[in-house]
Amino acid sequence: MQVAVSLRPLHAGPYCGDVVGYWSDGVTTTLAIIDGLGHGKFAEIAGKAALSFIENHLDQDVSEIFSGCSDAIRDTRGVAMGIARINEIGGALTYSGVGNTRAMIIGKKTSRLSGNNGIVGVDYQKLSVENGRLDAGDLVFLYTDGLREFIDISLYRELLEGDLDLLASSVIEDLAIERDDAALLIYRKEAH
Ligand SMILES: [Mn+2]
């Protein structure tokens, strides 16, 4: 797999409430996008607490991670969060999200994955699971609401098969809004 991350704290400040993580053992890959509520120090504390919970519970399935994380970070402001899990061999992808983080798959066609209402660490009513399948070369975008929601992929055609870091920095440069932290993670499936 290949992964690129681009983060842009609000006003280039010292804190970033948007946090991303990715982990792979070569078979199972987990991608996480986290937006600590609001911005500033306490958003970052919430975001990092969620990241740390995920990192320490990678053996659990995604619904268990969401419920455990929601309990574990209850003394923070809470977060919006999306987690994608990918089987590197077969290409199966599952995704769950709570709050307004965004996810999309860019393959032969582009599909947007939907999340659920709520706040991890405060309350959410249900956790739906979206399923997809990735072929080698397909991309997964996970991003926060610090980017404009609609990413017009056609504008980046020439970058989609190229350097992921350049793609991530170009998208965040073009689409980050002025009033929030912004984070984008791009994953590319490689042939197994
Ligand atoms: Mn945000």
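Here's what I pulled together on the structure shown here. All values reported here derive from a predicted model rather than from experimental measurement.

Side note on the coordination of the manganese ion
Alright, step 1. Protein-derived coordination of the manganese ion comes from Asp-35 (OD), Asp-145 (OD) and Asp-180 (OD), at a distance range of 2.1 to 2.2 Å.
Alright, step 2. Written as a sequence motif, the donor arrangement for the manganese ion is D-x109-D-x34-D. Of this pair, Asp-35 sits in strand β3 (residues 28-36) while Asp-145 sits in the loop between β11 (139-143) and α3 (157-160), and the two are 110 residues apart along the sequence.
Alright, step 3. On the accessibility criterion, Asp-145 (21% relative accessible area) is partly exposed.

Overview of the pairing of strand β4 (residues 79-87)
Alright, step 1. Of all 9 residues making up β4, 8 are buried, and the element is well covered by its neighbours.
Alright, step 2. Relative to β4, β3 is paired through 9 bridges, and the arrangement is antiparallel. Residue pairing for β4: Thr-29 is matched across the bridge by Ile-86.
Alright, step 3. Inspection of the sheet shows β4 paired to strand β5 (residues 92-98) by 6 bridges, in the antiparallel sense. Paired with Ile-83 across the two strands is Ser-96, which belongs to β5.
Alright, step 4. If you look at the hairpin formed by β4 and β5, you'll find 4 residues sitting between the two strands, and Gly-91 has a positive phi there, around 90°.

Some points on helix α1 (residues 41-55)
Alright, step 1. Here α1 contains 15 residues, and its C-alpha end-to-end distance of 21 Å stays within 8% of the 21 Å for a straight helix at 1.5 Å per residue.
Alright, step 2. Of the positions making up α1, those classed as buried are Ala-43, Glu-44, Ala-46, Gly-47, Ala-50, Leu-51, Phe-53 and Ile-54.
Alright, step 3. Where α1 is buried, its residues touch β2 (18-24), β3, α2 (62-72) and β4.

Concerning the sheet that holds β4
In a beta sheet, neighbouring strands pair by backbone hydrogen bonds and run either parallel or antiparallel.
Alright, step 1. Taken in spatial order, the 5 strands line up as β2-β3-β4-β5-β10 in an open sheet, and their pairing is antiparallel. The open sheet terminates on both sides in strands that have one partner only, identified here as β2 and β10 (130-133). Neighbouring strand axes in the sheet, compared pairwise and without regard to direction, differ in orientation by 15° on average.
Alright, step 2. Looking at chain direction, β2 and β3 are connected through 7 bridges and run antiparallel.

The rules behind the values
- Residues numbered from 1 in each chain as written.
- Predicted model: local features only at pLDDT ≥ 70, side-chain atom pairs only at ≥ 80, totals over all residues.
- Heavy atoms only, no water.
- Donors = N, O, S within 2.8 Å, 3.2 Å for Na, K, Ca; no water.
- Helix = DSSP H or I, 4+ residues; strand = E, 2+ residues; numbered from the N terminus.
- Buried < 20%, exposed > 50% of the residue type's maximum accessible area, 1.4 Å probe, protein only.
- Pairing = 2+ DSSP bridges.
- Expected span 1.5 Å × (residues − 1).
- Contact = heavy atoms within 4.5 Å.
- Axes fitted to C-alpha atoms, helices over the stretch in contact; angles between N-to-C directions.

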